[in-house]
Amino acid sequence: MINIRDLSHCLGGTKILDNINLTIPDGTIMGLVGINGAGKSTLLRLMSGVYIPDEGTVCYDGASPADEKTRENIFFLPDDPYFTHQATIKSMLDMYKPLYGRLDMDVYRRLVSEFELDEKKPIRTFSKGMRRQAYIAIAIAIRPKYLLLDEAFDGLDPLARQKVKEELIRMVEDDGATVIISSHSLRELEDFCDRYAVIDRMTVSSSGDISEKVERYCKFMLAFADDIPENILDGLPVISMTRSGKFIKGVFEGDGHDIEERLRALAPTVMEQMPVDFEEAFINEVTRRKEK
Amino acid sequence: MTSFKKYFTYHFKSTLLRGAVMAVLALALTVTSVYPDTVRSDTEVYIRSDISFLGILAAILCTVIPILELSGFKNRRNLDTLFFLPVTRQKMAVAHYINGLIHITVISAICFVTAALRLIGYAEHLNLLAMFPFFGYTIFACIVMYSVFMFVFTQANTVADGAVFMAIYAIAGFCIVTAIGEITSITFIEGSAENYFVYSPISVFTSEYNGYITPTIKYFYYDPDVQNIAIVSPQSLGFNDYEAVSFVFWGIAGIASVLGYLFTFSRQKAEKAGGISDSPFGYKVLIPLCGLCIYISIGTADIMNIMYLIAMAIGYIIYRRSFKLKIPDLVVLGAFLAFILCGFIF
């Protein structure tokens, strides 16, 4: 289990993260979301031990990531990993191989073959997506207990994305690994993450189960025979609303049945409940906080 | 195998080619720089050789290798792939320190052996056995210089700043001792300033041993009166008091540098890599300190005051990477201008 307590950090004199508290149970895939510059990458670097926190602690089963025994269980894949001019996948693997005893060469070979990568070719000659695939192949082959991925899907084609998702799910199911993945593609995260944490205004504004998060919202499309009064939805827990002629589309926070009853009382000619996805829930939450 | 051994083995193997290339270059330069030189007079044949290249080579290695060993730690993207590895930063620092030292020692040893082999045919004219203590002292001087430069380079957040720090530190000791000598007028301090250049331990050993290893080789010059070769007595090995005191200083400086390097490396903030080098051992202390010392030592003319002001301002622009003056800069500038004004008035 990962325990983050009262974590704060500054970059160049500016506070980036303030009083982060987060618990991540073992065997979960957690999506780390937030707007650009929210501090997702900084949090992952603090969690991996790349940055030393100004305040607070990160603990993996009670141990600090500063301890090298703990770090044997952690692998961090940054959004733009460095490679030297002559580096190949094989030479990168040579660095990690002696340090991570659990590295599974069969998995590595299988992934390199499935991604159709030439392990002896310099990484600089690879496309952005191929580089991503190469690093993901190494990260997954290392079989870490805790895998921290920063913008892991950036540049990957749909087939590679699917493959990576399957491999991550397999890691969690077979090895009980914990995966923390930051991404801007919330629809992608919703597909395979079971938990989420939103970083907003330097702190974790909400976290928990993705399905529970989505269930807190409901979306309705209503059509009216006459012109719609401006204040028709007053008194309802509206998160966002769009009007188009005699149509209204609204996202509400609360129990779907209760909202449905209250909307029916407005006597719409047509009323339809639509599914709310994680992206909408995230946008609603962040927008609402900005408005406050 | 411990994590240190694993990391060290990986790092050693990955820098082997670099070391081999440097060794080949050093070898080629040694072969072309150290050779027996035959000088004939009317009656005798003398053999001489200049081995000072070995000292110059050691100084070059001690300057270049810290940059090669540590430049990877000045790149934020690279740190993302290094600092999460299951090796503590302290062990990483030790691995890089030892690896660089091995490169210096091995390359120096190869060059010393090559130089000795080049001269062995003339062993009866040369004191070649003295090459052994010369090598030992060279390695001592190398450890000092290398340790100082490793510490200095770790203070910088970019490779360029690291190189500038190394250049400033190379003369900082000389500037400070000269200024102290100027203020106190103590003869011993005034006379010893040149021994506080970073390269002085190696230059002292090299110049002493260059004369000692070739004792039968005389210094020749054509005396216009006799129109023949005159022979100057051979040098003997001996270090003066200034040099002896400076060796103690450099020994302590070497130990302090190793401790400082390990301390700084293990606490370095990865997020600062590539940013402004704001270490207290960097620009913000070095610029005013060296400026003041140079001012005390040689600058009294009015034009020199203006030149110092310009030089220090350029130094601060390099440090801050900006032309924008902040409040502390204005305070310092105001104080400096007031200082100059007082100089004009009084």
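Notes on the structure in this doc start here. As the structure is a prediction and not an experimental result, all values here were calculated from the model.

Some words on the overall build of chain B
Along the backbone of chain B there are 13 helices and 4 strands. Classification of the 346 residues of chain B by burial places 46% in the buried group. For chain B, long-range pairs separated by at least 24 residues make up 78% of all intrachain contacts whose partners lie at least 6 apart in sequence. In the form shown here, chain B has an accessible surface area of approximately 16,900 Å², with 71% of it arising from carbon and sulfur atoms.

A short note on the overall build of chain A
Looking only at helices and strands, chain A features 10 helices and 13 strands. Considering only C-alpha atoms, chain A reaches an extent of 70 × 45 × 35 Å along its principal axes. Residues counted as buried form 50% of the 292 residues belonging to chain A. Expressed as a percentage of contacts within chain A between residues at least 6 apart in sequence, the contacts between residues at least 24 apart total 69%. Averaged over its 38 positive side-chain charges, chain A has a centre that lies 4 Å from the centre of its 50 negative ones.

Overview of the packing of aromatic side chains
Applying the stated criterion to the full structure yields 31 aromatic pairs over all chains. By the ring-pair criterion, three or more aromatic residues cluster together here, those being Phe112, Phe134, Phe135, Tyr137, Phe140, Phe205, Tyr209 and Phe247 of chain B.

Points about unusual backbone geometry
Residues apart from glycine generally show negative phi values, whereas peptide bonds are mostly found in trans. Residues and elements named next belong to chain A. Within the chain, aspartate 61 stands out as a residue other than glycine whose phi angle is a positive 50°. Relative to the elements of secondary structure, aspartate 61 occurs in the loop between β4 (55–60) and α2 (68–71). Although it is not a glycine, arginine 201 sits at a positive phi angle of roughly 50°. Looking at the secondary structure, you find arginine 201 in the loop between β8 (195–200) and β9 (203–209).

Brief notes about the pattern of salt bridges
Residues and elements named next belong to chain A. Under the defined criterion, the tally for this structure stands at 26 salt bridges over all chains. Between lysine 165 and aspartate 191 there is a salt bridge whose closest N-O contact spans 3.1 Å. Taken together, the residues span a long stretch of sequence, with lysine 165 in helix α6 (residues 158–175) and aspartate 191 in helix α7 (residues 186–192) at a distance of 26 residues. Through salt bridges that share partners, Arg110, Glu114, Lys163, Glu167 and Arg170 make up one connected network.

Remarks on the nonpolar core
Membership of the largest hydrophobic core comes to 168 residues, with the highest contact counts inside it found for Met47, Tyr96, Leu168 and Ile181 of chain A together with Leu85 of chain B. Top element by residues in this core is helix α6 (residues 131–154) of chain B. It accounts for 13 residues. Residue-level mapping places this core at the junction of two domains, with at least three residues from each of domain 1 (2–211) and domain 2 (216–291) of chain A. If near-sequence neighbours (up to four positions away) are discounted, leucine 168 of chain A is found in contact with Ile29, Ile140, Leu147, Leu149, Val179, Ile181 and Phe192 of chain A. If you look at the next biggest cluster of nonpolar residues, it comprises 12 residues, including Leu222, Ile228, Ile248 and Ile259 of chain A.

Focus: the sheet that holds strand β7 (residues 178–182) of chain A
Residues and elements named next belong to chain A. Ordered in space as β5-β6-β7-β3-β8-β9, the 6 strands form an open sheet in which the pairing is mixed. Since the sheet does not close on itself, it has two edges, and those belong to β5 (74–77) and β9, each with one partner. Direction aside, neighbouring strands of the sheet carry axes that sit 15° apart on average. Two elements, strand β3 (residues 29–33) and β8, share 4 bridges in a ladder whose sense is parallel. Within β8, the position partnered with leucine 32 by the bridge is alanine 197. Against the sheet, helix α1 (residues 40–48) touches β3, β5, β6 (146–150), β7 and β8, its axis set at about 150° to β6.

A look at the pairing of β9 of chain A
Each regular strand shows side chains that alternate between the opposite faces of the sheet. Residue and element names in this part refer to chain A. Looking at chain direction, β8 and β9 are connected through 6 bridges and run antiparallel. When the sheet's bridge partners are listed, isoleucine 199 is paired in β9 with valine 204. Taking the residues that link successive antiparallel strands as the turn, the β8-β9 hairpin has 2 residues, and the phi of arginine 201 there is positive, at about 50°.

What about the interface of chain A and chain B?
Of the residues lining the interface, 28 residues belong to chain A; the matching set on chain B comes to 25 residues. Taking both sides of the interface into account, the surface hidden between chain A and chain B amounts to around 2,400 Å²; carbon and sulfur atoms contribute 58%. If you sort the residues of chain A by the area they bury against chain B, Glu68, Tyr82 and Leu99 of chain A come out on top, with a joint share of 29%. Inspection of the chain A/chain B interface yields 4 salt bridges. Of the charged contacts in the structure, one is a salt bridge between arginine 77 of chain B and aspartate 80 of chain A, with a shortest N-O distance of 3.3 Å. Put simply, chain A and chain B have 12 residue pairs in polar contact (both at pLDDT 80 or more) between them. Residues that form the side of chain A that touches chain B fall into these classes: 18 nonpolar, 3 polar and 7 charged.

Conventions and cut-offs
- Residues numbered from 1 in each chain as written.
- Chains lettered and ligands numbered in written order.
- Predicted model: local features only at pLDDT ≥ 70, side-chain atom pairs only at ≥ 80, totals over all residues.
- Heavy atoms only, no water.
- Helix = DSSP H or I, 4+ residues; strand = E, 2+ residues; numbered from the N terminus.
- Buried < 20%, exposed > 50% of the residue type's maximum accessible area, 1.4 Å probe, protein only.
- Contact = heavy atoms within 4.5 Å.
- Areas by Shrake-Rupley, 256 points an atom, 1.4 Å probe, with all protein chains shown as cover.
- Lys, Arg positive; Asp, Glu negative; His and termini not counted.
- Charge placed at Lys NZ, Arg CZ, Asp CG, Glu CD.
- Phe/Tyr/Trp six-rings, centres within 6.5 Å; stacked < 30°, edge-to-face > 60°.
- Salt bridge = Lys/Arg side-chain N within 4 Å of Asp/Glu carboxyl O.
- Core = buried A, V, L, I, M, F, W, Y, C linked by side-chain atoms within 4.5 Å.
- Domains from an automatic or database assignment.
- Pairing = 2+ DSSP bridges.
- Axes fitted to C-alpha atoms, helices over the stretch in contact; angles between N-to-C directions.
- Buried area = accessible area lost by both parts, 1.4 Å probe.
- Polar contact = N/O pair within 3.5 Å; in protein donor to acceptor, adjacent residues only side chain to side chain.
- Nonpolar A, V, L, I, M, F, W, Y, C, P; charged D, E, K, R; others polar.

Coordinates in, geometry out; function isn't part of it.
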